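Coordinate inspection notes
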Amino acid sequence: MTVADIVVVLLAAGRGSRFGGSKLAATLAGRPLARHLGDRLAALPFKRKLMICSEATPEVEGFERIALAPPGAPLSHSLATGIGEIPDAYAALIALADMPLVPSSHFENLIQAFDGDRIGTSVADRKMVPAIFGARHFPALRSLQGDRGAAALLRNGPAIPLDQHLALDIDTPEDLARAEAIIQGR
């Protein structure tokens, strides 16, 4: 199994309500927030790259845009939409576009450690995405409900540690300022 066997599903359709709207278009270090992780993933030779998005989501080169319908649907619907687009894939890497600081090396470590089942990210003893799920988990991913992600499916599985500051999830303007400070080395 190699990176060429894995499809990326980048979740980028969030409402941004705690941010005040359109957070993925907000500027971070001179470019739209969505481009940070998107560009990093686009540089890796995945089989296919999908971005589940809204009309407000900036373009990310190398990704197929899949519109979330209905707009504003919960996170579980974004996951189901992405997995529904890849029924014959061997595995899917699920990532969130509002986590701009996850380094390429973390994705490479996930891919190296992936045994065909599942592997997640561990941050302060919490398992979360980015994560890779083998196809046997696709039915469970499609059946998730509400504004919850796939953390429950990762609970008893292996995980690769990630420093907490690199796992920063941008939900508010203060989070964006914190990410800018990390990038600037402050």
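Residues numbered from 1 in each chain as written. Predicted model: local features only at pLDDT ≥ 70, side-chain atom pairs only at ≥ 80, totals over all residues. Heavy atoms only, no water.

1. Quick notes on the overall build of the protein chain
Within the protein chain one finds six helices and nine strands. For a compact globule of 186 residues, the expected C-alpha radius of gyration is about 16 Å, and the protein chain comes in at 15 Å, within 12% of that figure. By residue count, 51% of the 186 residues in the protein chain fall in the buried class. Look at the contacts in the protein chain between residues 6 or more apart in sequence, and 69% of them connect residues 24 or more apart. In the structure as shown, the protein chain presents an accessible area of about 8,600 Å², 49% of it carried by carbon and sulfur atoms. Side chains of the protein chain carry 19 positive and 20 negative charges; the gap between the two charge centres is 3 Å. (Helix = DSSP H or I, 4+ residues; strand = E, 2+ residues; numbered from the N terminus. Rg over C-alpha atoms; globule rule 2.2 N^0.38 Å. Buried < 20%, exposed > 50% of the residue type's maximum accessible area, 1.4 Å probe, protein only. Contact = heavy atoms within 4.5 Å. Areas by Shrake-Rupley, 256 points an atom, 1.4 Å probe, with all protein chains shown as cover. Lys, Arg positive; Asp, Glu negative; His and termini not counted. Charge placed at Lys NZ, Arg CZ, Asp CG, Glu CD.)

2. Considering unusual backbone geometry
The peptide bond linking Ala 69 to Pro 70 adopts the cis configuration, its omega dihedral lying at 0°. By secondary structure assignment, the location of Pro 70 is in the loop between β5 (64-67) and α2 (75-84). Note the cis peptide between Val 129 and Pro 130, where omega equals 5°. Position of Pro 130 relative to the elements: it lies in strand β8 (residues 126-134). Although it is not a glycine, Ala 29 sits at a positive phi angle of roughly 50°. Relative to the elements of secondary structure, Ala 29 occurs in the loop between β2 (27-28) and β3 (31-32).

3. Examining the pattern of salt bridges
Under the counting rule described, the total for this entry stands at nine salt bridges. The salt bridge partner of Arg 48 is Glu 64, with a shortest N-O separation of 2.8 Å. With Arg 48 in strand β4 (residues 48-53) and Glu 64 in strand β5, this residue pair connects regions lying 16 residues apart in the sequence. Between Asp 117 and Arg 136 there is a salt bridge, with its nearest N and O atoms 2.8 Å apart. Pair noted here: Asp 117 is in the loop between α3 (104-113) and β7 (118-123) and Arg 136 is in the loop between β8 and α4 (138-142), with a separation of 19 residues, a long-range link. Beyond isolated ion pairs, a larger network of salt bridges with shared partners links Lys 23, Asp 98 and Asp 171. (Salt bridge = Lys/Arg side-chain N within 4 Å of Asp/Glu carboxyl O.)

4. Some words on the layout of surface pockets
Considering only enclosed or pocket space, the largest pocket measures out at about 990 Å³ in volume. Residue lining of the largest pocket: 39 residues in total, with Leu 75, Leu 96, Asp 98, Asp 147 and Asp 169 positioned closest to the centre. Secondary structure elements with two or more residues in the lining of the largest pocket: β1 (6-12), α2, β6 (91-96), β8 and α5 (151-154). By residue class, the composition of the lining of the largest pocket is 22 nonpolar, six polar and 11 charged. (1 Å grid on protein atoms, 1.4 Å probe; cavity = no way out; pocket = protein on both sides within 12 Å on 5 of 7 lines; lining within 4 Å. Points joined across faces, edges and corners; volume = space filled by probe spheres on them. Nonpolar A, V, L, I, M, F, W, Y, C, P; charged D, E, K, R; others polar.)

5. Looking at the pairing of β1
Of all seven residues in β1, seven are buried, a share of seventy percent or more. Residues Ile 6, Val 8, Leu 10 and Ala 12 of β1 are buried on one face, and the alternating residues Val 7, Val 9 and Leu 11, pointing to the opposite face, are buried as well. Examined bridge by bridge, β1 and β6 share six bridges and lie parallel to one another. By the bridge assignment for β6, Val 8 is matched with Leu 93. Sheet analysis places β1 next to β4, joined by six bridges and oriented parallel. Considered in β4, the bridge of Val 7 is made with Arg 48. (Pairing = 2+ DSSP bridges.)

6. Some words on the nonpolar core
One finds Leu 10, Leu 41, Phe 46, Ile 86, Ile 94, Phe 107 and Ile 132 to be the most contacted residues of the largest nonpolar core, which totals 66 residues. For this core, the leading source of residues is β1, giving seven residues. Among residues more than four places away in sequence, those in contact with Ile 86 are Val 7, Val 9, Arg 48, Leu 50, Ala 92 and Phe 138. (Core = buried A, V, L, I, M, F, W, Y, C linked by side-chain atoms within 4.5 Å.)

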